[in-house]
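# A structural walkthrough
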Amino acid sequence: MKRCADVVIIGGGIIGCTAAYFLSKYTRDVVLLERKGIASEASGANYGMIWEQTRQPGYDLTMARRSLELYPTLINEVFDTDIEYEKKGGMTVFFTELERTAAEIVTRSKQSQGIPLQLLGAPEVRELEPALSEEIMGAVYCHEDAQLNPMLTTIAFARAARKGGVAIYTDTEVLSIRTHNQSVQSVITNRGEIKTSIVLNAAGSWASQIGDMVGLKIPVYPHKLQSFVTEQIPHVLNRVIQGTQIHRDSSLEEAVQGFSYTRNVSAERPRIGQQPFHQGALADNTMLYIKPTVSDNIVCGTTFEFVGHDKNTSYESLTLIAANAKKTLPQLKDVHIIRSWANFDPWTVDGIPIVGETEIGGFIIAAGHGTAMSHGPATAEALAELIVHGKPIPFGEQASITRFTD
């Protein structure tokens, strides 16, 4: 194991592995530490969506668009494995008049931001996806949206980073971080100490624990998602289908927020100690995702839960997910489920990740990415420029930890 490095990255998910690859273009003296295996947490258990339609203006949308630009070049020139990248567009379906009204408002708003959304009626939806339910009244569609295999993508970045000279150590747990005069000095692991002046915290839903090691409160919380995958079936679906976060008793304002995936927070700046919102009924914390894979399995989800780092699935949750999936894609009625799981996406109160430098010299954060596959390559590119050349991150003030107040 190396005993010194220019940069030590903590976390072997998509953010850590993309950062390792982009940094390898400038220096071979990079170490990545992962306590389990590459893509062993959220980066191996999500839906692999690179979507524009659900992004917020500024940092969020800018990073998603840049990643959409970067992926084809990476696939053609860098990766040595197929990541199952498909640019087939993405569709958010709706079933009620309230959802339709919200969809109309959101579509106009996002079109004004330059996002190429289309509002589809029921016939247009079934022209694109004939197997979808007759109950669907319409959908919002973005032809720019893409999907990929998240585990294969993370591994592809790790392999590219290794080829660039990055030392990757799995089964390596970070125990503490030594500082002196409020600056990073070294990282202590279960396999020894690595001297470094720069630590990149890319630990996802465990980023707050890494922050504690330097006395820094990082308001990132584990957001539990439950999912399952079906057996292989004859091809019935072409692209990811998503539902809305709109409840039957929602006001129009709440429905618009639910459809646009903005967080309902106060006008004040978010606070360091701001906790996840109250859960409420399970049905109100479930949202439809249906993703076809290249092998014609169907991945279905998901619940939204704040239960710490508990990865247990529940019969009630999986039953509700199955009911939503069957309502949307009736051909799933008699299909067998072959595996279920739960994992986390890292949650922040305003839905924007925390990226950039901190008050601790050399301690950099890249965490809180609930949509890390959309942000990964662009975030890593920006971080490499920051670390090597001191170049500011685009819209960095929106993602900085300084946006939080006590």
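You'll find the structure just up there.
Heads up: these notes are all about the structure in this document. (Residues numbered from 1 in each chain as written. Predicted model: local features only at pLDDT ≥ 70, side-chain atom pairs only at ≥ 80, totals over all residues. Heavy atoms only, no water.)

## Describing the sheet that holds strand 9 (residues 174-180)
One open sheet accounts for 3 strands, arranged 9-10-11; its pairing is antiparallel. Only two strands of the sheet have a single partner each, and these edge strands are strand 9 and strand 11 (192-195). Across the sheet, the axes of successive neighbouring strands diverge by a mean angle of 25 degrees, strand direction being ignored. Sheet topology note: the strand 10 (residues 183-189)/strand 11 ladder contains 4 bridges and is antiparallel. Opposite Thr-189, over in strand 11, you have Gly-192 as the bridge partner. (Pairing = 2+ DSSP bridges. Helix = DSSP H or I, 4+ residues; strand = E, 2+ residues; numbered from the N terminus. Axes fitted to C-alpha atoms, helices over the stretch in contact; angles between N-to-C directions.)

## Comments concerning the sheet that holds strand 18 (residues 354-357)
Where strands meet in a sheet, backbone hydrogen bonds hold them as pairs that are either parallel or antiparallel. Taken in spatial order, the 6 strands of this open sheet run 8-2-1-12-19-18, and their pairing is mixed. Each edge of the sheet is formed by a strand with only one pairing partner; in this case those strands are strand 8 (167-169) and strand 18. Taking each pair of neighbouring strands and ignoring which way they run, the sheet shows an average axis angle of 20 degrees. Pairing geometry for strand 12 (residues 199-201) and strand 19 (residues 363-367), over 3 bridges, is parallel. When the bridges of strand 19 are listed, Val-199 appears paired with Phe-363. Across the face of the sheet, helix 9 (residues 372-389) comes into contact with strand 1 (7-10), strand 12, strand 18 and strand 19 while running at roughly 15 degrees to strand 18. (Contact = heavy atoms within 4.5 Å.)

## Some thoughts on the nonpolar core
Ile-9, Leu-32, Tyr-71, Tyr-85, Phe-157, Leu-383 and Ile-393 are the most contacted members of the largest nonpolar core, which totals 51 residues. If you list the elements that add at least two residues to this core, you get strand 1, helix 1 (14-24), strand 2 (30-33), helix 2 (59-77), helix 5 (150-163), strand 19 and helix 9. Of all the elements, helix 9 adds the most residues to this core, at 9 residues. (Core = buried A, V, L, I, M, F, W, Y, C linked by side-chain atoms within 4.5 Å. Buried < 20%, exposed > 50% of the residue type's maximum accessible area, 1.4 Å probe, protein only.)

## Overview of helix 2
If you check helix 2, its first and last C-alpha atoms are 27 Å apart, about what 19 residues at 1.5 Å a residue would give, namely 27 Å. If you look at helix 2, its biggest bend is around 30 degrees, right at Leu-70, and the proline Pro-72 turns up within four residues after that. Listed as buried for helix 2 are Tyr-59, Asp-60, Leu-61, Met-63, Ala-64, Ser-67, Leu-68, Leu-70, Tyr-71 and Leu-74. (Expected span 1.5 Å × (residues − 1). Bend = angle between axes of the 7 residues up to and from the residue.)

## What to know about the side chain of Arg-126
Note on placement: Arg-126 falls in helix 4 (residues 122-128). At a separation of 2.5 Å, a polar atom in the side chain of Arg-126 contacts the main-chain carbonyl oxygen of Ser-133. (Polar contact = N/O pair within 3.5 Å; in protein donor to acceptor, adjacent residues only side chain to side chain.)

## Some thoughts on unusual backbone geometry
For the bond running from Gly-301 to Thr-302, omega is 0 degrees, close enough to zero to count as cis. Phi angles above zero are rare outside glycine, and Phe-395 is one such case at about 55 degrees. Note on placement: Phe-395 falls in the loop between helix 9 and helix 10 (396-399). Phe-395 sits in the partly exposed class, given a relative accessible area of 39%.

## Regarding the pattern of salt bridges
Scanning the entire structure with this criterion turns up 19 salt bridges. We note a salt bridge from Arg-100 to Glu-97, for which the minimum N-O separation is 3.3 Å. Taken as a pair, Arg-100 and Glu-97 lie in helix 3 (residues 97-112) at a separation of 3 residues, close to a single helical turn. For Glu-97, a relative accessible area of 49% corresponds to the partly exposed category. A salt bridge links Arg-178 to Glu-193, with the shortest nitrogen-to-oxygen separation between them at 3.1 Å. Placement of Arg-178 in strand 9 and of Glu-193 in strand 11 is noted, with a sequence separation of 15 residues between them. Each of the salt bridges in this network shares a partner with another, and the network as a whole consists of Arg-35, Lys-36, Glu-41 and Lys-311. (Salt bridge = Lys/Arg side-chain N within 4 Å of Asp/Glu carboxyl O.)

Read these as layout, nothing more, since geometry by itself doesn't imply function.
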